[in-house]
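Now for the letters of each chain:
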Amino acid sequence: MNKKTIVAILATFTIGFSSCEPDFMETKSTQTIDQSQMFETTEGGMMAVNGLHKLMYTPSLSSTYAEGGFQTFMIWIDMMGEDLVYTRANAQFQSQAKWSLHRTATSGHLSYQYNLFYQFISNANMIIHNIDGAEGTQEERDYIKGQAYAYRAFAYFYLVQCWGERYKAEGNNTQAGVIMRTENSTENLPRSSVEQVYELINNDLDESIELLSHVTTITKTNKSHIDIHVARGLKARVLLTQGKWLEAAEIAKLVVDKSGAKLQDDTYTTFNNRMSDQTNTEWLWGKKGLEEQAGTLKDFHSFMSNKNVSYNKNTPRAIYNLLYNRISDTDVRKTLWFPRAQDPKTKPAPIIPTGGYIRNYMANKFLLADENAKCGDVPWMRLPEMMLIEAEGYARAGKYTEAANALYPLAHHRDPEYQLSTQTGDKLIDEIMFQRRIELWGEGFRYLDLKRLNMPLDRGPAPRTELGYSDAPWNSNTKMPTNVDPEASNYNMYDAHPMGEENRYREAGHKEWQWLFPQKECDVNKECKQNPL
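Here is a short report on the structure shown in this document. (Residues numbered from 1 in each chain as written. Predicted model: local features only at pLDDT ≥ 70, side-chain atom pairs only at ≥ 80, totals over all residues. Heavy atoms only, no water.)

On to the overall build of the protein, then. Regarding its fold elements, the protein presents 19 helices and 8 strands. Expressed as lengths along the three principal axes of its C-alpha atoms, the size of the protein is roughly 70 × 50 × 50 Å. Burial status across the protein gives 59% buried among its 533 residues. Long-range pairs, those at least 24 residues apart, make up 72% of the contacts in the protein between residues at least 6 apart in sequence. Working note: accessible area of the protein is about 20800 Å², and carbon and sulfur atoms make up 49% of it. Across the protein, the centroid of the 58 positively charged side chains sits 5 Å from that of the 67 negatively charged ones. (Helix = DSSP H or I, 4+ residues; strand = E, 2+ residues; numbered from the N terminus. Buried < 20%, exposed > 50% of the residue type's maximum accessible area, 1.4 Å probe, protein only. Contact = heavy atoms within 4.5 Å. Areas by Shrake-Rupley, 256 points an atom, 1.4 Å probe, with all protein chains shown as cover. Lys, Arg positive; Asp, Glu negative; His and termini not counted. Charge placed at Lys NZ, Arg CZ, Asp CG, Glu CD.)

Once that is clear, we can look at the pairing of strand S6 (residues 378–382). Across the 5 residues of S6, 5 count as buried, placing the element largely inside the fold. Of the strand pairs in this sheet, strand S2 (residues 283–287) and S6 are connected by 4 bridges, and their pairing is antiparallel. By the bridge assignment, Trp283 is partnered in S6 with Arg382. (Pairing = 2+ DSSP bridges.)

Enumeration according to the criterion identifies 7 cavities of 30 Å³ or more in this entry. When its volume is computed, the largest cavity comes out at roughly 140 Å³. As for the largest cavity, its lining consists of 18 residues, of which Ser305, Pro316, Arg317, Met362 and Ala363 are closest to the centre. Listed by contribution, the elements that provide at least two residues to the lining of the largest cavity are helix H12 (301–304), helix H13 (310–314) and strand S5 (362–363). Tallied by class, the residues present in the lining of the largest cavity amount to 10 nonpolar, 5 polar and 3 charged. Volume-wise, the second largest cavity comes out at about 120 Å³. In terms of lining, the second largest cavity is formed by 13 residues, of which the most central are Gln161, Thr241, Arg436, Phe445 and Asp449. Elements with a minimum of two residues in the lining of the second largest cavity: helix H8 (138–163), helix H10 (228–241) and helix H18 (446–452). Among the residues making up the lining of the second largest cavity, the classes are represented as 5 nonpolar, 3 polar and 5 charged. (1 Å grid on protein atoms, 1.4 Å probe; cavity = no way out; pocket = protein on both sides within 12 Å on 5 of 7 lines; lining within 4 Å. Points joined across faces, edges and corners; volume = space filled by probe spheres on them. Nonpolar A, V, L, I, M, F, W, Y, C, P; charged D, E, K, R; others polar.)

So, on to the nonpolar core. Judged by nonpolar contacts, the single largest core of 146 residues is most densely connected at Phe117, Phe120, Phe154, Trp163, Ile201, Trp285 and Trp515. Among the elements that line this core, the one with the most residues is H8, at 16 residues. The residues contacting Phe120, other than those within four sequence positions of it, are Leu52, Leu55, Met56, Tyr151, Phe154 and Ala155. (Core = buried A, V, L, I, M, F, W, Y, C linked by side-chain atoms within 4.5 Å.)

Here the focus is the side chain of Arg141. Along the chain, the position of Arg141 falls in helix H8. We note that Arg141 is buried and unpaired, the nearest opposite charge coming from Asp132 at a distance of 5.8 Å. Look past the residues within four positions of Arg141 in its chain and what remains in contact with it is Thr42, Ile131, Asp132, Ala134, Glu135 and Gly136. (Salt bridge = Lys/Arg side-chain N within 4 Å of Asp/Glu carboxyl O.)

Looking at where Glu82 falls in the secondary structure, it is placed in the loop between helix H5 (70–79) and strand S1 (84–86). A polar contact is formed between the side chain of Glu82 and the side chain of Arg437, at a distance of 3.4 Å. At a separation of 2.8 Å, a polar atom in the side chain of Glu82 contacts the side chain of Arg446. (Polar contact = N/O pair within 3.5 Å; in protein donor to acceptor, adjacent residues only side chain to side chain.)

With that settled, the discussion passes to the packing of H8 against H10. Between H8 and H10, whose axes approach to 11 Å, the crossing angle comes to 25 degrees. Relative to H10, the element H8 lies roughly parallel. For the pair H8 and H10, the crossing hand works out as left-handed. Residues Ala150, Phe154, Phe157, Tyr158 and Gln161 of H8 pack against Leu234, Arg237, Val238 and Thr241 of H10. For the contact of H8 with H10, the residue count by class is 6 nonpolar, 2 polar and 1 charged. (Axes fitted to C-alpha atoms, helices over the stretch in contact; angles between N-to-C directions. Parallel < 35°, antiparallel > 145°, perpendicular 65-115°, else oblique. Left-handed = near helix turned anticlockwise from the far one by under 90°.)

In this section: helix H16 (residues 400–414). In this model H16 runs 21 Å from its N-terminal to its C-terminal C-alpha over 15 residues, within 8% of the 21 Å that 1.5 Å per residue would give. The largest bend along H16 reaches roughly 35 degrees and is located at Tyr408, with the proline Pro409 sitting one to four residues downstream. Ala403, Ala404, Ala406, Leu407, Leu410, Ala411 and Arg414 are the residues of H16 that are buried. (Expected span 1.5 Å × (residues − 1). Bend = angle between axes of the 7 residues up to and from the residue.)

Once that is clear, we can look at the state of the cysteines. In the structure shown here, the tally under the stated rule is 0 disulfides. A disulfide-free cysteine, Cys162 has its sulfur positioned 15 Å from the sulfur of Cys528, the nearest such atom. The thiol sulfur of Cys522 is not disulfide-bonded, and the nearest other cysteine sulfur, from Cys528, lies at 4.2 Å. (Disulfide = S-S within 2.5 Å.)

For the structure shown, the criterion picks out 35 aromatic pairs. With 5.7 Å between their ring centres and 75 degrees between their planes, Trp99 and Tyr447 make a pair best called edge-to-face. Residue Trp99 is found in the loop between helix H6 (94–97) and helix H7 (108–130), and its partner Tyr447 is found in helix H18; the two are separated by 348 residues along the sequence. Over the ring of Phe271 we find Arg274, and its NZ or CZ is 5.1 Å from the ring centre. (Phe/Tyr/Trp six-rings, centres within 6.5 Å; stacked < 30°, edge-to-face > 60°. Lys NZ or Arg CZ within 6 Å of the ring centre and 35° of its normal.)

This part covers the packing of helix H4 (residues 42–55) against H8. Each pair of packed helices can be summarised by the angle the axes make with each other and by the distance between the axes. Axis separation between H4 and H8 bottoms out at 10 Å; the angle between their running directions is 25 degrees. Taken together, the axis directions place H4 and H8 in an arrangement best described as roughly parallel. H4 and H8 meet at a crossing whose hand is left-handed. Residues Thr42, Gly45, Met46, Val49, Leu52 and His53 of H4 touch H8, and the partners they reach there are Glu140, Arg141, Tyr143, Ile144, Gln147, Ala148 and Tyr151. Broken down by class, the residue content of the contact of H4 with H8 amounts to 7 nonpolar, 4 polar and 2 charged.

Given below as structure tokens:
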């Protein structure tokens, strides 16, 4: 992280959260607040934690679109996979889908995402190093510090997954990871190894879990805050990525059994803010969407819902057709996508913004009751993810009975015809991964799943023109395309083939799986070695 960025983060930190508490603003000038003043009391420390929560969704102050905190990073991750299909040539997220933006060191978008995670780290460091002396109860200090440790681990986890090589479960992870800063300084530092970064991540999460285990009387009133269940959920994600299968399964099971979260019957049938309301009993951690949080085309729903904004209504998101075709007709999740959306006879018809485009296989997973709403709630972590981690961890550890039992409650809840799996080995793992893909579609997982499992990006076969099938773009809003190859993918079949055939496949382990460091980082910090160009 370069020196200019460190200074900018330190300078803007207090402004970022001070507006949350008017009483504090009345007695402390934003120009004179320093760390000692901020952490005089646990009330001030909690304001600092609120600043971390806000980083999850705060739009960029620049005029550049599509920069709205972690919620827009989630879209990058799914755009770079195969399950979320781009349906029209359009400016926003097209470069991510083409795998070009994360490989452009001079991109302001890339710098924004990179600096965002270090802003989490810088702010968390300040809390960790200052909260112990704050006036207040020990439980309040534990609650504040525990969340800060979780956020620091969270930030390093996404940094090392994107900018480092994948973690190898077999060991010897000496490959270059990212720059580790546990104290805020402008010192030039080299990249730590992937193993060292994961050691810090795990230590931070262990510390977070220990601290939050002491919090017994503070009530979590908003799901944007982190409690012990969320910290354990983050730990489960990390262990799964490291290939520590049994450990991942067992800590995910703790979340499933002890969090109090429950599957909700109308999760996918309601039209009232579907997958956009944090009161859903499945949600463990998420953003509460408020009017003042919204930025023009800088929030999740501007790109993933029926929100009535230009880029959203002009470029519907679609599901990978070959994945959709595997979904059972009795599975409620099959109703989230519309394979024949362009057929006027399709009933029920997809919900679209006023004047919006219609595209086959388009999604209605994230709905806002008011298409003109500025933003909605966004899930960061849900109970189904923990159930799937438990199942995958047990399956890959060879505990097939436990894996099948872990998968059944979720799969049966979504599909009443689903029967307890009797599969073992790769067949059971494939069944679990299929459930993961359709359940977590659009929530920011697929690219990272491919990378952690060392799988290629394969967006499916092109139409077999040699057999007479057409590869003409699906442009019409009023009629179905004709002569469609039943075995072909819908990738690159929309508009004027916006994605290009060269982006259909990326082999596992290729250098393009590593994101480039912003050029400014390498220019200022000569110790930072760039990833292979």
